[in-house]
Every structure is written in structure tokens, then in C-alpha cells.
Amino acid sequence: MKQRLITGILAGALFVALTIAGGAFYTGLLILLAIIGFSEYVRMNGVKPLHPAALVGYAGVLLFVLPWASWKIEIPSMPTIVWMLMFLLLAVTVLSKNKFTIDGAALMLLGAIYVGYGFSAMIDVRTMESNGLFWSFLSFGCIWASDVGAYFVGKAIGKHKLWPEISPNKTVEGALGGVALALIVAVVFALSAPDIIGLPKALLIGLVAAVAGQFGDLIQSAYKRVRAIKDTGTLLPGHGGVLDRCDSWIIVFPLLLLCGLIPV
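Residues numbered from 1 in each chain as written. Predicted model: local features only at pLDDT ≥ 70, side-chain atom pairs only at ≥ 80, totals over all residues. Heavy atoms only, no water.

## Describing the overall build of the protein
Where we set the bar: Helix and strand definitions follow DSSP, with helices as H or I runs of at least four residues and strands as E runs of at least two, each counted in order from the N terminus. Radius of gyration means the value over C-alpha atoms here, while the globule rule gives 2.2 Å times the residue count to the 0.38 power. Each residue gets one of three labels from its accessible area relative to the maximum for its type: buried under 20%, exposed over 50%, partly exposed in between, using a 1.4 Å probe on protein chains only. Contact between two residues is taken to exist if any of their heavy atoms lie within 4.5 Å; hydrogens are not considered. Throughout, the Shrake-Rupley method with a 1.4 Å probe supplies accessible areas, and for residues the shown protein chains are the sole cover considered. Only four residue types enter the charge count, namely Lys and Arg as positive and Asp and Glu as negative; His and the chain termini do not. A charge is said to be at NZ when it belongs to Lys, at CZ for Arg, at CG for Asp and at CD for Glu.
Counting its secondary structure elements, the protein contains 10 helices and 2 strands. In the protein, the order of α-helices and β-strands from amino to carboxyl end is α-α-α-α-α-α-β-β-α-α-α-α. A globule of 264 residues ought to have a C-alpha radius of gyration of about 18 Å, and the protein, at 19 Å, matches this closely. With 264 residues in all, the protein has 46% of them scored as buried. The long-range fraction of contacts in the protein, counting pairs at least 24 apart against all pairs at least 6 apart in sequence, stands at 69%. For the protein, the computed accessible surface area is about 13,600 Å², with 71% contributed by carbon and sulfur atoms. Here the protein contributes 18 positive and 13 negative side-chain charges, whose respective centroids are spaced 9 Å apart.

What follows is the structure, encoded as C-alpha cells:
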């Protein structure tokens, strides 16, 4: 626990500082996290880092997260990128004479979208022309509040298992505590910046961030259970890998954008 707390405080302080700094500092950090996260995903699925399919996946992640617009470089639309990745991965199955199968191709495509678009959405929010820092901290604040609330409420009064087949330690009481704390944080943001966001929208963002964030955690727990591993990586002592720590982020940010709750 001591190691977990020290790592969490140091990593959290660095992340907050780079988020405030924004620009190349924040974007560079998220690009690095995306690359490490996808490498964890590749390893989880038993694919060698330099396998052609893995390289296609890395290329897909970079197509999503690199700041092409700021470099004034036009790239294909997202549907086109996804189709190109699919085609290249299917081509690998043919060229390898099915030593790399269609199942593996599907997994690499899924990973590139899951990791690449997840981190890309975070970059898009922070680099908004207006109030990008506010919307980023609102989103992260609700996600972190949900994590904290779920953990401590679950520890204190949790009795009813939420989804024991997937994550045996999570409870219904903890999940509700996470939602409640995320809503409180959303209210604080709304009251502190009424000219940017109204209370109803802030509450909706808090609710979506809490529910989707906890679902993102369960998604990663389910996948680790399938692969029979405890952590996706060892980057952060006591916390696991990038996908362990960012599993909620890469679900919440895309969902907030797709639902139009953040005006990018």
C-alpha cells in the first residue's frame, strides 16, 4: 500500500502538471501512454512486438493520436483509417498463410481502435480552442471521484457483489458511492464556472463518467480474467500498467465526445 500511495501521488502530480501545461507536453505524454498501452495489449494477446500485425496496429494507434491538424497534415477520415487497418491486417493473414489468423487480425484491429481513439479523444478535449483545460479536468475529476468513491464506500459498507464473475471485490454499494461522488464533483465544477457549463449538463457528464468509467474498469477486468493475468503491465509499481490505470479514461472520453456532452 505504501508503494502504491507513493507511486500514485508522484504519477498523479506529474500528470496534473503536464495537463495544466498542455500543448506538446500533454500531447506527447498521451502519445507515449498510447504506445505503451498498445504494447501491453499486444503482449497480452501473445503477439510478438515486431510481428507485421502488431506493426500495423501501432501504425493505427499513431494515426489516431498524432496531432496531424496542428502540423497541417490532412489524413484520411476515421472510417477510411479503420478500413485500411482492417485490409492490412487481413492481408497479413493471407501472406502468413494463416499462421496469423483472422481472429488475431480482429484482436489487433480492436486494440488499435480501443487504445488509439481512446487517447485521441483525451487529446482532442485538451486541445480545444476554448476551455480545454476545464473540460479535461471536469472529465478526469468525475472519473477519479468515481474511483475514489467506489473504493472507499465499497470498503466501508459494501456487501452486495456487483459482478463477482468479472471483478469479485467490486460491490453495488461501492458503485453507487462512486456515482454519488462523481455527481458532487460535477456540481462543484458547475458552480465554479456557470458561464461554461450549466448544472444539468454537468450532472449528466458526472453520471456518464461514473457509469462508463466503472464499466471501462470492468471491461479491462474481464479481459485480464480471460488472459489469466493480474496486471496489463509493470510501468507503475503497485498500480500495474497503462491499461490498468487508464481503462476508464479510454472509455469515458470517447463516449463524452460521441454523445456531444463536450463541445469539441
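There is more to say after this.
## Some details on unusual backbone geometry
Positive phi values are uncommon outside glycine, yet Asn98 reaches one of about 65 degrees. As for its placement among the helices and strands, Asn98 is situated in the loop between helix 4 (78-95) and helix 5 (102-126). Notably, Asn131 is not glycine yet its phi reads approximately 60 degrees, a positive angle. Checked against the element boundaries, Asn131 lands in the loop between helix 5 and helix 6 (132-157).

## Brief notes about the packing of helix 8 (residues 199-227) against helix 10 (residues 249-258)
Note the threshold: Every axis in this analysis is a line fitted to C-alpha atoms, fitted for helices over the stretch in contact. Angles between the N-to-C directions lie between 0 and 180 degrees. Oblique is the label for every angle not falling under 35 degrees (roughly parallel), over 145 degrees (roughly antiparallel), or within 65 to 115 degrees (roughly perpendicular). By the definition used in this description, the sense in which the near helix is turned from the far one sets the handedness, with an anticlockwise turn below a right angle giving left-handed and a clockwise turn giving right-handed. Residues are grouped as follows: Ala, Val, Leu, Ile, Met, Phe, Trp, Tyr, Cys and Pro are nonpolar; Asp, Glu, Lys and Arg are charged; every other residue, Gly included, is polar.
At a minimum axis separation of 8 Å, helix 8 and helix 10 run at an interaxial angle of 140 degrees. Between helix 8 and helix 10, the crossing angle belongs to the class labelled oblique. Relative to helix 10, the crossing made by helix 8 is right-handed. On helix 10, the residues that touch Ile205, Val208, Ala209, Ala212, Gly213, Gly216 and Ile219 of helix 8 are Ile251, Val252, Leu255 and Leu256. Split into classes, the residues belonging to the contact of helix 8 with helix 10 amount to 9 nonpolar, 2 polar and no charged.

## Here we look at the pattern of salt bridges
To be explicit about the condition: The term salt bridge refers to a pairing of a side-chain nitrogen on Lys or Arg with a carboxyl oxygen on Asp or Glu at a separation within 4 Å.
Per the counting criterion, the structure on display carries 3 salt bridges. Salt-bridge contacts for Lys170 lead to Asp217; the nearest nitrogen and oxygen are separated by 3.4 Å. Here Lys170 is found in strand 2 (residues 167-171), whereas its partner Asp217 is found in helix 8, with 47 residues between them in sequence. Relative accessible area serves as the criterion here: at 24%, Lys170 is assigned to the partly exposed category.

## Some remarks on the packing of aromatic side chains
As a reminder of what qualifies: Any two rings among Phe, Tyr and Trp, with Trp reduced to its six-membered ring, count as a pair given centres within 6.5 Å; such a pair is stacked if its planes are under 30 degrees apart, edge-to-face if over 60, and tilted if neither.
Under the definition given, this model contains 17 aromatic pairs. A ring pair is formed by Phe134 and Trp135, whose centres lie 5.6 Å apart and whose planes are at 85 degrees; its orientation type is edge-to-face. For the pair formed by Phe134 and Trp135, the shared burial category is buried. A centroid spacing of 5.1 Å and a plane angle of 90 degrees characterise the contact between Tyr151 and Phe152, whose relative ring orientation is edge-to-face. Residue classification places Tyr151 among the partly exposed residues on the basis of a relative accessible area of 41%. On the basis of relative accessible area, Phe152 is assigned to the exposed category, the value being 54%.

## Quick notes on the environment of Met86
One can find Met86 in helix 4. Expressed as a C-alpha distance, the spacing of Met86 and Ala210, which sit 124 residues apart in the sequence, is 32 Å.

## A short note on helix 10
Among the 10 residues in helix 10, 7 count as buried, and that is most of the element. The set of residues buried in helix 10 consists of Trp249, Ile250, Val252, Phe253, Pro254, Leu256 and Leu257.

## Observations regarding the nonpolar core
Heads up, the rule is: The nonpolar core is taken to be a set of buried Ala, Val, Leu, Ile, Met, Phe, Trp, Tyr and Cys residues, with the residues joined through side-chain atoms within 4.5 Å.
Core analysis: the largest hydrophobic core is formed by 74 residues, its most contacted members being Phe38, Met108, Phe119, Met122 and Trp135. Per-element accounting of this core gives the leading share, 12 residues, to helix 5. Apart from the residues within four sequence positions on either side, Met122 is in contact with Tyr26, Leu30, Phe140, Trp249, Ile250 and Phe253.

## Considerations on helix 2 (residues 23-44)
Along an α-helix, residues three or four positions apart point the same way, because every turn accommodates 3.6 residues. In plain terms, the rule: To estimate how far a helix should reach, multiply one less than its number of residues by 1.5 Å.
Taking 1.5 Å as the rise per residue, helix 2 with 22 residues should run 32 Å; its terminal C-alpha atoms sit 32 Å apart, in good agreement. Two residues or fewer past helix 2, Gly46 is found with a positive phi of approximately 70 degrees.

## A closer look at a nonpolar patch on the surface
Note the cut-off: Surface patches are drawn from residues lacking salt bridges whose relative accessible area is over 30%; two like charges belong together within 9 Å, two nonpolar side chains (Val, Leu, Ile, Met, Phe, Trp, Tyr) within 5 Å.
On the surface, a nonpolar cluster with roughly 660 Å² of combined accessible area is contributed by Trp83, Met84, Met86, Phe87, Leu88, Leu90 and Ile102. By residue number, the principal contributor to the nonpolar patch is helix 4, which donates 6 residues. Among the structural elements, Ile102 can be located in helix 5. Look at Ile102 and you get exposed, because its relative accessible area is 54%.

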